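Observations on chain architecture
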Amino acid sequence: MSIKVIESQGSKAYLVAVGTDLSTVAKIVTALGTAKEIGDINTIGDVTSSRNVTEYKVIDKDEVAKSLGSLSLGNLPIELMYNGEDTLGQKDLRDAYNTNTRRELIIKLNDTPLTGTVKNPTYITMQIGSSSDGVAIAIDQAVIYKTVLEICSKPVLCSAAIVTGK
């Protein structure tokens, strides 16, 4: 059996308004109909969350206990090929930063295994806010739009194996 590889090439990212129902794959697919695609992505970063950990040790024993605490959310340092004519994705990212407002982010991975007769990619959804915004301009390089998206809700992974309606 070969190792399954999901290529990042072909993955896409979209923005929708906060409050958009993304609770099922079918609702995500519906939301994509009016979503703003973030085009020309170089990198999205790591979609992560973690829990604070407290370690407890006692003097009279050589044992350790750990308590798993509250959730901490990461951020996404996104880099895009700058496009001043992009009135959808890049503009919406800049607007989110300038107005200090949030969006729902949908990441659509490039996997479409067959589940019965339905092909579904994996989706990752989360609420984001932008904490950084700008462009990188360097000799012999393309102009790169950079933003840092703060993950503001626990990321939800809807596996490719999930049937569309669920």
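Structural data are supplied above this passage.
Summarised in this report is the structure supplied together with it. Note that the structure is a prediction, hence the values are computed from the model and not measured. (Residues numbered from 1 in each chain as written. Predicted model: local features only at pLDDT ≥ 70, side-chain atom pairs only at ≥ 80, totals over all residues. Heavy atoms only, no water.)

**Re the pattern of salt bridges**
Scanning the entire structure with this criterion turns up eight salt bridges. Taking the shortest distance from any N to any O, the salt bridge between Lys27 and Asp21 comes out at 2.9 Å. Lys57 serves as the salt-bridge partner of Glu55, at 3.4 Å between the closest nitrogen and oxygen. Note on Lys57: relative accessible area 61%, which makes it exposed. Among the charged side chains, a network of salt bridges with common partners joins Lys36, Asp92 and Arg103. (Salt bridge = Lys/Arg side-chain N within 4 Å of Asp/Glu carboxyl O. Buried < 20%, exposed > 50% of the residue type's maximum accessible area, 1.4 Å probe, protein only.)

**A look at the pairing of strand β11 (residues 144–151)**
Two elements, strand β6 (residues 75–81) and β11, share seven bridges in a ladder whose sense is antiparallel. What sits directly across from Leu80, in β11, is Tyr145. (Pairing = 2+ DSSP bridges. Helix = DSSP H or I, 4+ residues; strand = E, 2+ residues; numbered from the N terminus.)

**A short note on the packing of aromatic side chains**
Throughout the structure, instances matching the rule amount to zero aromatic pairs. Lying over the aromatic face of Tyr145, Arg94 brings its terminal NZ or CZ to 5.7 Å of the ring centre. (Phe/Tyr/Trp six-rings, centres within 6.5 Å; stacked < 30°, edge-to-face > 60°. Lys NZ or Arg CZ within 6 Å of the ring centre and 35° of its normal.)

**Quick word on the environment of Arg103**
Mapped onto the fold, Arg103 is located in strand β7 (residues 102–108). Take Arg103: its relative accessible area is 12%, and that puts it in the buried class. Counting along the chain gives 28 residues from Arg103 to Asn75, while the straight-line C-alpha distance between them is 14 Å. When sequence neighbours within four positions are dropped, the list of residues in contact with Arg103 reads Leu15, Val16, Val18, Asp92, Asp95, Ala96, Met126, Gln127 and Ile128. Here Asp92 takes part through its side chain, which lies 3.0 Å from a polar atom of the side chain of Arg103. (Contact = heavy atoms within 4.5 Å. Polar contact = N/O pair within 3.5 Å; in protein donor to acceptor, adjacent residues only side chain to side chain.)

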